[in-house]
Each structure stands twice: as structure tokens, then as C-alpha cells.
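# A look at the structure
Read off the chains here:
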Amino acid sequence: MRSIAVTLLGLSLLGPLGVHAATQDELEAKLQALSEQVDALKTELAKLKSQQQQQVAATPTPSVTPAAQPATPSVASNLSFFGYGEMSYSRPSDHPSEAVADLNRFVLGVGYRFDDRTRFVSELELEHAVSSAEDSGEIEVEQAYIERQLGQQLFVKAGLFLIPIGLLNENHEPTRYYGVFRNFVETDIIPTTWREGGVTVQGTTEGGLRWDVGISTGFNLAKWDATSSEGQESPLGSIHQELSLARARDLSGFVALNYSGVPGLRVGGTVFGGNVGQGQPGFEDTRLIIWEGHARWTPGRAEISALYSRGHISNTAPVNLTLVGNPTLIPESFFGWYLEGAYRVIDRETWSLAPFVRYERFNTGSEYAFIAQGLTPSALPDQQVFTGGFNWMLAPGVVVKADYQDFRHQRAGDRFNLGLGYQF
Amino acid sequence: MSARDLTDVLVTLGVAGLIASPVVIAADYMTIEQAQKTFFPAADDYQEVALALTPSQRQTITVNAGPQPPHGHLRIWAARHQGALLGHVFVDEVIGRQDLITYAASIDTQGTLSAIEILTYRESHGGEIRSRAWRAQFADKQSLEQLRFRTDIKNIAGATLSSEHVTQGVRWLMALWQNALRPDAAS
């Protein structure tokens, strides 16, 4: 701009001199005019400079991401990195010598966007801090799938993904549930974190309906260990395959519906079923059906949740006949339900404090198929657990928890728990 | 119906659902132009605003808006009818769970917020924020005190991060308008 002004000034001066001789008055008038033009150009130049400076400062976004889009896409912009974790201290009331401190979960996730419609999502989890031959820790791939957007309301996933069931399975991070530990029903009856390998399609509507339908790997009843108590703790948790050399002769299917068309309300349910014998001799026609229904309502500062789930394995009698004499036979039915209420007594922008109470009733062996007189196991008693405590959201994504659990029929299980969790 | 019948039905449903799902080309739910017309149908001119914030304004907005998720690109237009300002249209991007959500909102000259529109949602998780009823909660809000997450704008169970981040983003827009775009605000 400055060079343009100088050039214009030079041309203005040279031009008249080269054409004809001018009088003193004419020259003075021209100089005066030129002087005014130079002043105008100076003013214009200053205004342009000011505007340029303002535009440099125009970054109205509050984020770490610059307002201007980068001219060239970088690899880093396609990558996303996330994670969560939780650690706990648990002290049984009557047996303090059995108190345990643990880094329960340490999870890192990586996502990568291949194009506008295709992305990869994964989560790698380490349980109990150390995984080795001498330690009980585990390293698990919790999710690893490719997601393709078919339309704005339609996605397809292929790979290892979480089954859309219950309130917890897809939202299992510690900041998302009350209590130091996940509830029993969605651990022992629904084996959270439950994932399978397969293909699923998900759609949502503007009316607030989400539907999922898919086919996937399922359970393997041949993994049932009648000599251990694992099957009594969680029937499905003891025979899940987690896409680790999973037997896949028979596929399972699932359908899930969730409605959240009324702000603050979520109501839904899932049915999952498939053959769990996987064509292996001795496990003919053993089929699993598990279903659940759930609801969550958040009027104001309160939050009320309820869930009921029931599972059924058919044709277990022939299998159990071969296992008679062992402590843990295969149940025909198992079920559980809970009711939970929480209230945010303090609710600030950056932190909150919410006491909660939860009542759970569940049974991992509520019915056994008839084998023969004297051989059929008796149904297990229902277990009832009261849990009361609080979640203190210390900062967005960080939660401190404390609770007390009262086992109505197993007083030895009563315990105090303290936890710390995070999600980013 | 026996367990066998039901499992057969489920597997069949799964396969049928996968096969029957229509494969269409992804497109935005709504273009920027459509959003502008939705918010201010009477406007005959939408002029993009190149906004400059003073350090003092930025500080005030940051404090007033509260915690913010990572944002993408924010664009603003002044909507006018025969030269008279009707309000501002905002198109902002915030992180949902792992990817950016592009959404639009408007604030009229009286400071009244519109319902928001989701222009693009890029991940399957949390897509419930497209619910019409959830988006309508923002309509007619006139202050930051009316835009508290969970209290004024309900959470969506299963889409907590998306609903929280969009609410926080809208709080930024409201704070920005109050401090830098309001007709009587110091510029």
C-alpha cells in the first residue's frame, strides 16, 4: 500500500511537468490537492492496518482448536485419544483383614477417522494394574470396530463392539454411575462390559427413538466350569468369549430399542439370543435368551433408575447330568432388578455432590432344569443388597465416591468402599 | 414361543435388519443456508461477522460461559431485513464423545435464544441429541441462568457427553452475544 501511494505521488508530480509549463498558482493548487490525496491515502492505510490486526485477533472460539481451519489436513487431526480409569479401597466391616485397594481399571482409547463417514474406535483395558503369570490382572481389548455412517441417522459397526443392553454396558465409565462398584445386576446377570464380534446397525429418529439390530458371536456353554463358583457369581460372565478365539458355529442376534423423546427420560429394552452349544457334542439345543427393560428419569436434581433383567438357558438337563456331583451346575433361569435414586444436593457449574441409595435383588440360579429325583439342584436364594453413599464430581470428568453396602443374607459381605474415577 | 423360536427370530431379525438397512450417501441434516432461513425466515441478508474480542471481553465470556469442551470452527452471521438487524445466527462445533458435532443456534436482538439445530453428527454414540424435544429445550432462553445443564437443559442418559458439551457450547454463544454482539454492547 505504501509503495502504491509513493508511485501515485511520483506520477502525479511528473505528469504535469512533462506536459506543459504551469503557473505558480497552478502548481500550488496541484501541490495542495496532492497533499490532500496523500493524507487520504495515509488514513486509508491506517484503517486497513487496523482491520488486519483486528482480524488476526478474531478467534472467538473458546477452545484449544484454532478458529481457522488448517489449510492442509494433518494426521493428528484424524486421531482422537480418550480414556477412563478407576481405583478403589474396599473394607469388609466384619473382616477388616480382607480390605483391598486396587487399580480396578486403566483404559486407553484411540479413534481414527479415515474419511467423513468411516472411523475406527478402540479401547484397551488393563484390570488390576499388573498382568503377569503371577498376578490376577488382565489385558483386554474392550472395543475395536469400524463404524461407517450410512446416512445421517444410520450407522453400521463391524468388529468387537459393546452390546446395547441395560443402562451401564455402553456407558460404563466411573463418572456415569453411582457407587464405587458397578451394580450387581449389571455385572452378574448382564455381564458388563459385554462385547461381541459381529455387525450391527443403529438408527435414531428426531422423535427420540434409537434402535439397534445386529448379529454377533455369542456364548460358549462348554466353557462352564462346574468345579468353580464362577458360574454362580455370573452365569454369563463365566461363559463369555469376548472375541478371543470365539467358537462361532452359531451366531446370536439382538434387538434393542430406546426412547428418549421426552427430555430427562429414557426408557428401553433389549433382547439377545442365540445357541450357546456352538455345535459341540453334548450341548445340543442349548439356547440362551436374555432380555431386560430399563428406565431412567431425571426430574430436576433427582435421578431415578430402574432395571429388570432375566436370562434363560434351554435344554440344560442333559449337560447337568454329566456334571452331577460338582458344586456349580448350569441354571435354567437367572434374574435381577434394581431401583436407584440420587439427588444432587450441591450442583455447581464445575462440581456437584449427589448422595444415592440403591436396592438390588438378584439370583444367579433361580431355577434349574429337572434332572432326576434327588439330582436336581435347589434354586439359590435371592440376594439383596442395599448400597448408600455419594458421588462427588470434583471436576468435569473426575469423581470421588464413597458408599456402604449391606448384604441382607450375607453379612460377611457388608463393606465400606472408597473410589476415585476419571474419564477424558 | 420357545427359546429356540425366539433365538431364531432374533438372528433372523438381525440379518434382515442388516440387509434391509437403506444405504444412502451421508449428507448434513441441514445446510447453513437452511439453518439461517429456519431461524430468520424474514431476513433478506445474512452477512458473516468477523468478530474481534478484546482481552477484557474474552475474559468476561470465559468466566460467564463456564467450563467448555474443545470447540471446532465458530461462524456467525448477522441476519437483516431491509437493513434492520433481526439477530445473529451461529454455527459452532463441539466435541461430542470423540468427534465434532456441528450445530446451529440463533439469538435475536432481544437476546432470546432459538431451539438448536444439529447440522452434522459424526459418531453413532450419543446421536440421541438429535431428538427434537431435547433441542427445543433451548428455545426462548434469555440468560445464562436459564441454561444450566441437567437443571434447565436435561441430560440424555446414554448421550451425556454430547448433551453436556452442546449445552456448554450454547452457553458460550450466549455469553459471546451478551458481551460482544448485543446491540448495546461495547465493541
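Residues numbered from 1 in each chain as written. Chains lettered and ligands numbered in written order. Predicted model: local features only at pLDDT ≥ 70, side-chain atom pairs only at ≥ 80, totals over all residues. Heavy atoms only, no water.

## Side note on the overall build of chain B
What chain B contains, in helices and strands, is five helices and five strands. If you list the helices and strands of chain B from N to C, you get α-α-β-α-β-β-β-β-α-α. Pairs at least 24 apart in sequence give 59% of the contacts found in chain B among residues at least 6 apart. For chain B, the accessible area works out to roughly 7,600 Å², and carbon and sulfur atoms hold 53% of it. (Helix = DSSP H or I, 4+ residues; strand = E, 2+ residues; numbered from the N terminus. Contact = heavy atoms within 4.5 Å. Areas by Shrake-Rupley, 256 points an atom, 1.4 Å probe, with all protein chains shown as cover.)

## Observations regarding the nonpolar core
With 37 residues, the main nonpolar core has Trp194, Phe219, Leu221, Phe272, Leu288 and Ile290 of chain A as its most contacted residues. Only helix H4 (185-189), strand E10 (287-297), strand E11 (302-313) and strand E12 (333-343) of chain A provide two or more residues apiece to this core. Those residues in contact with phenylalanine 219 of chain A that sit more than four places away from it in its chain are Pro191, Trp194, Glu196, Leu236, Ile239, His240, Gln241, Phe272, Asn275, Val276, Gln278 and Leu288 of chain A. Core analysis: the second largest hydrophobic core is formed by 35 residues, Ala65, Ile118, Leu147 and Trp177 of chain B among them. (Core = buried A, V, L, I, M, F, W, Y, C linked by side-chain atoms within 4.5 Å. Buried < 20%, exposed > 50% of the residue type's maximum accessible area, 1.4 Å probe, protein only.)

## As for the packing of aromatic side chains
Residue and element names in this part refer to chain A. Evaluated as defined, the whole model comprises 16 aromatic pairs over all chains. Plain terms: the ring middles of tryptophan 291 and tyrosine 308 are 5.6 Å apart, the flat faces sit at 35° to each other, and that makes the pair tilted. Taken as a pair, tryptophan 291 in strand E10 and tyrosine 308 in strand E11 lie far apart in primary sequence, 17 residues in all. Its relative accessible area of 27% is what places tyrosine 308 among the partly exposed residues. An aromatic cluster is present here, built from Phe161, Trp194, Phe219, Phe254 and Phe272 joined pairwise through their rings. Positioned above the aromatic ring of tyrosine 145, the side-chain terminus of lysine 157 is 4.9 Å from the ring centre. A cation sits over an aromatic face here: lysine 401 above tyrosine 177, 3.8 Å from the ring centre. (Phe/Tyr/Trp six-rings, centres within 6.5 Å; stacked < 30°, edge-to-face > 60°. Lys NZ or Arg CZ within 6 Å of the ring centre and 35° of its normal.)

## Description of the pairing of strand E5 (residues 154-162) of chain A
Residues and elements named next belong to chain A. Counting buried positions along E5 yields seven of nine residues, so the element is predominantly enclosed. Bridge analysis of strand E4 (residues 138-151) against E5 gives seven bridges, and the strand direction is antiparallel. Across the sheet, the residue bridging to glutamine 149 is phenylalanine 155, located in E5. In textbook terms, the turn of a hairpin is the stretch between consecutive antiparallel strands, and for E4 and E5 this stretch comprises two residues. Bridge count for E5 against strand E6 (residues 195-204) is nine bridges, and the pairing is antiparallel. (Pairing = 2+ DSSP bridges.)

## Some points on the side chain of arginine 358 of chain A
Residues and elements named next belong to chain A. Examined against the element boundaries, arginine 358 turns out to sit in strand E14 (residues 352-367). Arginine 358 sits in the buried class, given a relative accessible area of 2%. Reaching out from arginine 358, the side chain makes a polar contact with the backbone oxygen of tyrosine 178 at a distance of 3.0 Å. With sequence-adjacent residues up to four places away left out, arginine 358 is seen in contact with Tyr178, Phe181, Asn183, Tyr338, Leu339, Glu340, Val385, Phe386, Thr387 and Gln405. (Polar contact = N/O pair within 3.5 Å; in protein donor to acceptor, adjacent residues only side chain to side chain.)

## A look at the pattern of salt bridges
Summed over the entire model, instances satisfying the criterion amount to 28 salt bridges over all chains. Notably, a salt bridge pairs arginine 132 of chain B with glutamate 206 of chain A, separated by 3.6 Å at the nearest N-O pair. Residue arginine 132 of chain B is located in helix H4 (residues 132-136), and its partner glutamate 206 of chain A is located in the loop between E6 and strand E7 (209-216); the two belong to separate chains. Counted as one network, the salt bridges with shared partners bring together Arg113, Arg119 and Glu147 of chain A together with Asp99 and Glu123 of chain B. (Salt bridge = Lys/Arg side-chain N within 4 Å of Asp/Glu carboxyl O.)

## A short note on the confidence of the model for chain B
All names here are of chain B. Residues with a pLDDT of 70 or more make up 83% of chain B, whose mean pLDDT is 87. Counting interchain partners and residues more than four positions distant, the pLDDT-below-50 stretch residues 21-27 has 15 contacts. Both confidence scores are given for the complex: pTM 0.82, ipTM 0.81. (pLDDT = per-residue confidence, 0-100.)

## Thoughts on the domain arrangement of chain A
We note that the domain assignment places domain 1 (2-55) and domain 2 (76-423) within chain A. On a C-alpha basis, the centroid separation for the pair domain 1 of chain A and domain 2 of chain A is 79 Å. (Domains from an automatic or database assignment.)

## Focus: the pairing of E12 of chain A
All names here are of chain A. Relative to E12, E11 runs antiparallel, the two being bridged by eleven bridges. Within E12, the residue paired with arginine 310 across the bridge is phenylalanine 335. Here E12 runs beside E14; their pairing, made up of nine bridges, is antiparallel. Within E14, the residue paired with tyrosine 338 across the bridge is glutamate 360.

## Concerning the packing of helix H3 (residues 55-65) of chain B against helix H5 (residues 160-181) of chain B
Residues and elements named next belong to chain B. Packing of H3 against H5 brings their axes to within 9 Å, and their N-to-C directions diverge by 140°. Considering the angle they form, H3 stands oblique to H5. In the packing of H3 onto H5, the handedness of the crossing is right-handed. Contacts from Gln57, Arg58, Thr60, Ile61, Thr62, Asn64 and Ala65 in H3 reach Arg171, Trp172, Ala175, Leu176, Asn179 and Ala180 in H5. (Axes fitted to C-alpha atoms, helices over the stretch in contact; angles between N-to-C directions. Parallel < 35°, antiparallel > 145°, perpendicular 65-115°, else oblique. Left-handed = near helix turned anticlockwise from the far one by under 90°.)

## Here's the deal with H3 of chain B
All names here are of chain B. Within the sequence span of H3, burial applies to Gln57, Ile61 and Ala65. The buried residues of H3 occupy one face: seen down the axis, they fall within an arc of 50°. Every exposed residue of H3 that faces more than 90 degrees away from the buried side is listed here: Pro55, Ser56, Gln59 and Val63. In this structure, the buried residues of H3 make contact with H5. Once H3 finishes, glycine 66 follows within two positions and takes phi at roughly 85°, a positive value. (Arc of directions from axis to C-beta.)

## Notes on a nonpolar patch on the surface
All names here are of chain A. Together, Leu79, Phe81, Phe106, Leu108, Val110 and Phe424 make up a nonpolar patch on the protein surface, roughly 560 Å² of accessible area in all. The set of elements that each furnish at least two residues to the nonpolar patch consists of strand E1 (79-92) and strand E2 (100-115). The element that contributes the greatest number of residues to the nonpolar patch is E2, accounting for three residues. Topologically, valine 110 is positioned in strand E2. (Patch = residues over 30% accessible without salt bridge, like charges linked within 9 Å, V, L, I, M, F, W, Y side chains within 5 Å.)

## Focus: the sheet that holds strand E3 (residues 84-95) of chain B
Residue and element names in this part refer to chain B. Strand order in this open sheet of five strands is E1-E2-E3-E4-E5, and the pairing throughout is antiparallel. In this open sheet, the two edge strands, each paired with only one partner strand, are strand E1 (45-48) and strand E5 (117-121). For this sheet the average axis-to-axis angle between neighbouring strands, irrespective of direction, equals 25°. With four bridges joining them, E1 and strand E2 (residues 75-81) adopt antiparallel strand pairing. Paired with tyrosine 46 across the two strands is alanine 79, which belongs to E2. Contacting E2, E3, strand E4 (100-108) and E5, H5 crosses the sheet at an angle of about 145° to E3.

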